[in-house]
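Next come the chains, spelled out residue by residue.
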Amino acid sequence: MQAVRTRPDQQRAESAAEASARSWSPEAEIGMRVEDIWDSLDAQHDAQQQQLSHGDKLNSCFDSIPVASFPHTFDGAQLVEIPSDATLAEAVDILSRNRIISAPVWNVDAPEDASWIDRYIGIVEFAGIAVWLLHQSEAAAKADVGADELAAKLGTVTLEGAAAAAANVREPKMAESEGAIAEVFGALPSSDLFNKTKVKDISGSFRWAPFLALQSSDTFLTMLLLLSKYRMKSLPVVDIGEGTISNVITQGAVVHMLSECVGLHWFEEWGTKTLSEIGLPIMRLSKIVKVREDEPALKAFRLMRRKGVGGIPVVDDSGRAVGSIMIKDVKHLLTASENRDYRTLTAKEFIANARQSSGERQMSIITCSRGDSVKDIILKLDAEKRQRIYVINEEGNLDGLITLRDIIAKLVYEPPGYFGDFFNGVIPLPQNSRV
């Protein structure tokens with residue numbers, strides 16, 4: 001069993017030189033701050049002969065730390081923005097040149113002195129553009145209007161590292177290679193869809209996110225609630241004084257922070273609970289959207305768009321999960337159209353081809369059981385850099401689904417009236433936005 005660690009105990013066990021040389025990660029330092037507040041709450045309520053619940057203490061801890069303290073996720077690189085009147089072709093070119101998969105969209109009609117609420121209209125993702133175009137090509141196919149040509153052109157996309165799911169978060173692979181995103185959609189000179197449709201025209205479509213920002217003085221509790229209960233994929237942090245975006249916080253970044261807190265008392269008290277004890281999985285088997293391995297791969301993306309989810313498992317005839325297709329995998333579907341009609345490609349063939357052509361390891365699934373601890377799940381998700389993990393029963397069949405959002409949702413709760421008028425003036429969240 002791993003010993004619970006605290007900063008004072010750790011330093012007493014080491015020499016002064018060793019302690020001063022030790023470098024805690026920025027995420028672990030956040031965990032230490034939570035630990036300090038946790039201990040002070042214990043001391044305070046012991047003196048008053050009162051006892052807070054575990055949930056109340058965690059809420060109090062996270063409500064005492066400003067989001068300005070959260071480690072920066074894009075390493076000081078300049079934040080890239082896309083004008084609302086840019087065409088889809090121009091937007092994809094911006095994403096390609098900067099090796100990013102999503103970016104905030106600023107409203108070109110907003111006055112120069114506009115607040116961030118009026119300045120930004122949302123966050124657009126490459127995958128969202130690709131799926132929107134794919135959907136339009138399917139509609140065109142019914143009218144026999146060059147859908148095959150469109151799909152073939154879309155197949156020129158090479159988007160490495162597309163698993164990142166945050167505005168302007170660069171993947172290492174993308175940063176290492178200038179050609180990581182090759183001439184994205186560049187071969188569509190005749191496509192009105194691509195060259196004339198404005199970014200603002202697809203606002204509210206699948207994978208479009210409202211620009212709901214935090215101020216530097218907002219707390220971790222606010223951030224955690226927005227990323228869980230309010231279903232935000234990422235949250236820009238706005239520096240009001242400078243009028244700039246200083247950070248972008250994602251669900252994955254929060255789960256990584258939690259993984260760095262292993263061994264701290266407050267985390268161990270929560271993290272050693274089993275999934276069943278903490279009320280996971282939230283999504284039960286009957287609610288999981290899935291596709292059979294002999295069904296068209298295209299159906300998986302249709303279901304994702306229709307159901308508003310970011311990934312679905314592929315199952316065999318017995319219901320056993322044999323793989324997973326995520327929204328980012330649309331690039332493999334489009335590329336496949338170079339060799340055959342993508343509409344006839346089965347889910348099983350799609351996964352096999354993607355693995356062979358690019359070694360897409362994430363198309364396999366990671367699993368757990370209801371008896372696993374929350375800590376085990378956090379460490380596995382963080383190590384694999386995944387957005388979801390599937391719960392299986394003793395027979396190896398699907399029994400539920402746990403996402404990063406579900407884990408964060410079990411860490412804190414929303415006090416009555418907590419947000420007040422926080423959402424006033426903000427674009428409403430899109431329906432069925434669970435990803």
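None of these values were measured; they are calculated from a predicted model.

For the rest of this paragraph, the subject is the sheet that holds strand 10 (residues 321-326). Sheet architecture is open: three strands sit in the order 8-9-10, paired in mixed fashion. Two strands close off the open sheet at either side, each with one partner strand: strand 8 (291-292) and strand 10. With two bridges connecting them, strand 8 and strand 9 (residues 311-315) associate as parallel partners. Paired with V291 across the strands is V314, a residue of strand 9.

Turning next to the sheet that holds strand 11 (residues 367-368). Here four strands make up an open sheet; going across it, the order is 7-13-12-11 and the pairing mixed. With one partner strand each, in any of the chains shown, strand 7 (283-284) and strand 11 form the two edges of the open sheet. Relative to strand 13 (residues 398-403), strand 12 (residues 388-392) is paired through five bridges, and the arrangement is antiparallel. What sits directly across from I389, in strand 13, is I402. The strands touched by helix 18 (residues 374-384) are strand 11 and strand 12; relative to strand 12, the strand with the most contacts, the crossing angle is about 135°.

Quick look at the pairing of strand 3 (residues 120-125) now. Taken residue by residue, a regular strand's side chains alternate between the two faces of the sheet. Of all six residues in strand 3, six are buried, a share of seventy percent or more. Where strand 2 (residues 102-106) and strand 3 come together, five bridges link them in antiparallel fashion. In the strand pairing of strand 3, A103 is matched with V124.

The subject of this paragraph is the packing of aromatic side chains. Per the counting criterion, the structure on display carries nine aromatic pairs. Relative to F220, the ring of F70 has its centre 5.8 Å away and its plane inclined at 45°; by these criteria the two rings are tilted. Of this pair, F70 sits in the loop between helix 4 (54-62) and strand 1 (82-83) while F220 sits in helix 11 (residues 220-227); the two residues are 150 residues apart in sequence, bridging distant segments of the chain. Overall, the relative accessible area of 0% leaves F220 in the buried class. Pairing Y418 with F419 gives two aromatic rings, centres 5.1 Å apart and planes at 90°, and the pair type is edge-to-face. With a relative accessible area of 23%, Y418 lands in the partly exposed category.

Membership of the largest hydrophobic core comes to 57 residues, with the highest contact counts inside it found for F62, F220, M223, W266, W270 and L411. Those residues in contact with M223, other than ones at most four positions away along the chain, are V67, F70, L214, L235, I249 and V254.

It is worth spelling out the side chain of E35 at this point. Position of E35 among the secondary structure elements: in helix 3 (residues 26-47). A residue is classified by how much of its surface remains accessible, and E35, at 3% relative accessible area, is buried. A polar contact of 3.2 Å, which involves the side chain of E35, links it to the backbone nitrogen of W266.

Reading the values: rules and limits
Residues numbered from 1 in each chain as written. Predicted model: local features only at pLDDT ≥ 70, side-chain atom pairs only at ≥ 80, totals over all residues. Heavy atoms only, no water. Pairing = 2+ DSSP bridges. Helix = DSSP H or I, 4+ residues; strand = E, 2+ residues; numbered from the N terminus. Contact = heavy atoms within 4.5 Å. Axes fitted to C-alpha atoms, helices over the stretch in contact; angles between N-to-C directions. Buried < 20%, exposed > 50% of the residue type's maximum accessible area, 1.4 Å probe, protein only. Phe/Tyr/Trp six-rings, centres within 6.5 Å; stacked < 30°, edge-to-face > 60°. Core = buried A, V, L, I, M, F, W, Y, C linked by side-chain atoms within 4.5 Å. Polar contact = N/O pair within 3.5 Å; in protein donor to acceptor, adjacent residues only side chain to side chain.

Scope: geometric values only; no functional claims are made or implied.
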